[in-house]
Amino acid sequence: MNRLLLFLLICICGKLSAQSDTLAFTKVVGRLQMYGDSLLKSNNDSIRQQAHLDLSILLDSTLRTEAGSRLSFHQIKGLSIAESDDEKVKTITWMLSLERGSKYSYYGYLLLRSERKTPWKIVQLQMNNSYSNEELEFAKTDTLTWHGCIYYTIHHERYKKKDHYLLLGWAPQSAYTTRKIAEPLVYSPAKISLGAPVIKAGGKARTRLLFEYNSRATMSLRYNESMKMIVMDHLASSDPRPEAKGMYQLYGPDLSYDGLKFNKGQWQLIKDIDVRN
């Protein structure tokens, strides 16, 4: 066969295959959007549970294909997508709310790669919420013992030619309380750790910071570019009695702020920072 003709046939077949893939994934995204809408908007627990099941199965099968793993999924309501600025870490997380917001379950995937534009390693996150708040701040967990949350930011730092990632998450717990979480991600070809003892707070090395407060309150936890640190509302109880400590439905922002600053591979908690400027 003439080489030019062979080349043209390869190009035509490749174009038809790409068009076929595009059409197939357009339909997949449409179905995921439908399931995501039901997951968020339905007032019926059975419908939400079925939507979650359908979304989980379709999303998993899509991510397991190389072309599917390259989809952004940003247009799917109900899914939270966070990606590091070096494009080496991505999270896809969602929640299932039942019994009128009194019960929450969390689901997700962690996508990792060593270099940009190389194929993703797909790792499913499996929830284990058996930890108390105090235990969780010192626990070393992995993808099989995940506490469960919606990740909304992946902050990336680099020190001594090594990447450091801090995941910021949000997790309603019940009709009364909500959590926010800041936790390091450490990974290698052999191991993935969610939480690492590189946060210095209160004279102790913690694996993550955990904040629980009244579900009607709003807590800010985000990176402040001008201050070069994670800035957060400081939480305090509205009841000063000692016996009210740990009753998180009484906690909320007290109009002061704390910061979490990266320094030589570790995160240092700084109390009572000035954010007026």
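Computed from a predicted structure; not experimentally measured.

Calculation rules
- Residues numbered from 1 in each chain as written.
- Predicted model: local features only at pLDDT ≥ 70, side-chain atom pairs only at ≥ 80, totals over all residues.
- Heavy atoms only, no water.
- Helix = DSSP H or I, 4+ residues; strand = E, 2+ residues; numbered from the N terminus.
- Contact = heavy atoms within 4.5 Å.
- Polar contact = N/O pair within 3.5 Å; in protein donor to acceptor, adjacent residues only side chain to side chain.
- Core = buried A, V, L, I, M, F, W, Y, C linked by side-chain atoms within 4.5 Å.
- Buried < 20%, exposed > 50% of the residue type's maximum accessible area, 1.4 Å probe, protein only.
- Pairing = 2+ DSSP bridges.
- Axes fitted to C-alpha atoms, helices over the stretch in contact; angles between N-to-C directions.

Caption draft 1: Fine view of the environment of Asp 239. On the secondary structure map, Asp 239 appears in the loop between strand 13 (229-237) and strand 14 (251-263). For Asp 239 and Tyr 251, which are twelve residues apart along the polypeptide, the C-alpha to C-alpha distance reads 8.5 Å. The residues contacting Asp 239, other than those within four sequence positions of it, are Ala 244 and Leu 250. In this structure the side chain of Asp 239 is engaged in a polar contact, spanning 2.7 Å, whose partner is the side chain of Arg 241.

Caption draft 2: Focus on the nonpolar core. Formed by 24 residues in total, the largest nonpolar core has its most connected members in Leu 32, Leu 59, Leu 63, Phe 73, Leu 79 and Ile 92. Non-local contacts of Ile 92, meaning those with residues more than four positions away in its chain, are made with Leu 59, Leu 63, Phe 73, Leu 79, Ser 80, Ile 81, Tyr 107, Gly 108, Tyr 109 and Leu 111. Of all hydrophobic cores here, the second largest spans 22 residues; its members include Val 123, Ile 154, Leu 167 and Leu 194.

Caption draft 3: Fine view of the sheet that holds strand 1 (residues 80-83). The strand order across the open sheet formed by four strands is 1-2-3-4, and the pairing between neighbours is antiparallel. Whereas interior strands pair on both sides, the edge strands pair on one side only; in this sheet they are strand 1 and strand 4 (121-125). Mean inter-strand twist for the sheet, computed between neighbouring axes without regard to direction, equals 15°. The sheet contact formed by strand 2 (residues 89-98) and strand 3 (residues 103-112) spans ten bridges and is antiparallel. By the bridge assignment for strand 3, Met 95 is matched with Tyr 106. Against the sheet, helix 2 (residues 45-63) touches strand 2, strand 3 and strand 4, its axis set at about 160° to strand 2.

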